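What follows is each chain in one-letter form.
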Amino acid sequence: MVIKPKVRGFICTNAHPVGCAKSVENQIAYVESQSLEQTGPKNVLVIGCSTGYGLASRITSAFGYGANTLGICFEKAPNERKTGTAGFYNTAAFHEQAQAKGLYAKSINGDAFSDEIKQQTIDLIKQDLGQIDLVIYSLASPRRTDPETGEVYKSTLKPVGSAYTTKTYDTDKDMVHEVNLEPANEDEIAQTVKVMGGEDWERWMSQLGAAGVLSENCKTTAYTYIGKELTWPIYGQATIGKAKEDLDRAAKAIMSELSSLAVQANVSSLKALVTQASSAIPVMPLYISLIYKVMKQEGTHQGCIEQIVGLFDQRLYAASPPTDDMNRYRMDGIETNEATQAKIKVLWDKVSQDNFHELSDYAGYHSDFLNLFGFAFEGVDYEVDVDPIVHWS
Ligand code: NAD
């Protein structure tokens, strides 16, 4: 089949297998071009391994440090009529590249929030790896089924406290317009914390610890976005921010529960980037197109893979890594520093439908968005008939 992007709202409903493989190859090439220290992870579990920051973490572990990787994701396989999801193709491409290098790579495709998938993971670690020394928690999901009660919780992307009117960019219609976002009620806040807070990270670590599959001094990190004034009303101080605050609580709880193993748990704050998760958040596409413009001019622009290589090299495996007052690793300073934010603020105040393409890095945002689904890569012929069926082994 000839596969062209089918964009619907903030998502693309199909993906290109050859383009996704290209995306994985490009990230591997970047990691291999960096001379990373030998000290690094050996056996890595990546929860949320198939796209965005989780995929970059898996690629860095394997191709930067030669680590064995076990990945957990929730992706759709292709069939004769419909392509697989990008994460499915990315995972297939990752396996192929890792195996070609003689690196162990297995993935479990299923609901990471469930106890069944946690048990399958533990069984596979016991069978193949023995123990894990790094656990990356990189899930982004709109819902979670509580494994104890079976209740389904949904996350909401709303301000907290009062309504908020702001500009936003509609990627599909290519339109900058105002949105009025009503505040979340208490139940919506609590449900968002249930889905995107630290409870599931803690549950993973607790079950892995109890099963004896974590090594002494094992490290674990969960990803957050903190941002600054422009994004606080819809992110940092909004429902999702409340959930992310809960990660700080969870990090402490994990270290306390697993103190006999001296497990090191830190939240890592990363910069805003185009991913499937961030495209769904009101305001973020506009904010990201503007920071792309500013940060590319400053020469500080980074994608997922550059951020994660920095996180591993300068924080996770550095001799005495700096942390903030909440014991978090901060990789977002290049975005959140006052000078950069001041430049974005100037653009933010000016931006409208008429000048959006000129003031923002619209082209960069758009091509990164298409890249998420394997489209718009140089060197890939999108007119050619490709087989959508791809398998993992
Ligand atoms: P993403 O959408 O690219 O990745 C989400 C991953 O979670 C995928 O691998 C997906 O398969 C997996 N997943 C989702 N639901 C699952 C389930 N039920 N079971 C198993 N796997 C499941 O998102 P991302 O932007 O890379 O986000 C990863 C983390 O990084 C999130 O915690 C996010 O808040 C954080 N973060 C993102 C940004 C950003 O700008 N994108 C910035 C800072 C921090």
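Presented here is an overview of the structure given in this document. (Residues numbered from 1 in each chain as written. Predicted model: local features only at pLDDT ≥ 70, side-chain atom pairs only at ≥ 80, totals over all residues. Heavy atoms only, no water.)

**Description of unusual backbone geometry**
Positive phi outside glycine occurs at aspartate 174, with the angle close to 55°. Residue placement: aspartate 174 occurs in the loop between β9 (164-170) and β10 (175-181). Even without being a glycine, asparagine 327 presents a positive backbone phi close to 65°. Mapped onto the fold, asparagine 327 is located in the loop between α10 (304-316) and β13 (329-330). (Helix = DSSP H or I, 4+ residues; strand = E, 2+ residues; numbered from the N terminus.)

**Here we look at helix α6 (residues 199-210)**
Taking 1.5 Å as the rise per residue, α6 with twelve residues should run 16 Å; its terminal C-alpha atoms sit 16 Å apart, in good agreement. What α6 keeps buried is the set Asp200, Trp201, Arg203, Trp204, Met205, Leu208 and Gly209. Phi turns positive, to about 75°, at glycine 212, one or two residues after α6. (Expected span 1.5 Å × (residues − 1). Buried < 20%, exposed > 50% of the residue type's maximum accessible area, 1.4 Å probe, protein only.)

**Quick word on the sheet that holds strand β11 (residues 214-224)**
Strand order in the open sheet formed by seven strands is β5-β4-β3-β6-β11-β12-β13, and the pairing between neighbours is parallel. Either end of the sheet is taken by a strand with one partner, and the two such strands are β5 (105-109) and β13. Pairing of β11 with strand β12 (residues 264-269) involves six bridges; the strand directions are parallel. Each bridged residue has a counterpart across the sheet, and for threonine 220 the counterpart in β12 is alanine 265. On top of the sheet, helix α3 (residues 86-100) reaches β4 (68-73) and β5; it is set at about 160° to β5, its chief contact. Docked against the sheet, α6 engages β3 (43-47), β4, β6 (132-137), β11 and β12, running at close to 170° with respect to β11. (Pairing = 2+ DSSP bridges. Contact = heavy atoms within 4.5 Å. Axes fitted to C-alpha atoms, helices over the stretch in contact; angles between N-to-C directions.)

**So, the site of the ligand**
Taken together, 30 residues form the shell around the ligand, and within it Ser50, Thr51, Glu75, Ala112 and Thr275 come nearest. Take phenylalanine 74: an N or O atom from its main chain is 3.2 Å from an oxygen atom of the ligand. For the ligand, whose free accessible area comes to 840 Å², the fraction covered by protein is 94%. Of all the secondary-structure elements, those providing two or more residues to the shell around the ligand are α2 (52-65), β11 and α8 (276-279). (Near = heavy atom within 4 Å. Polar contact = N/O pair within 3.5 Å; in protein donor to acceptor, adjacent residues only side chain to side chain. Areas by Shrake-Rupley, 256 points an atom, 1.4 Å probe, with all protein chains shown as cover.)

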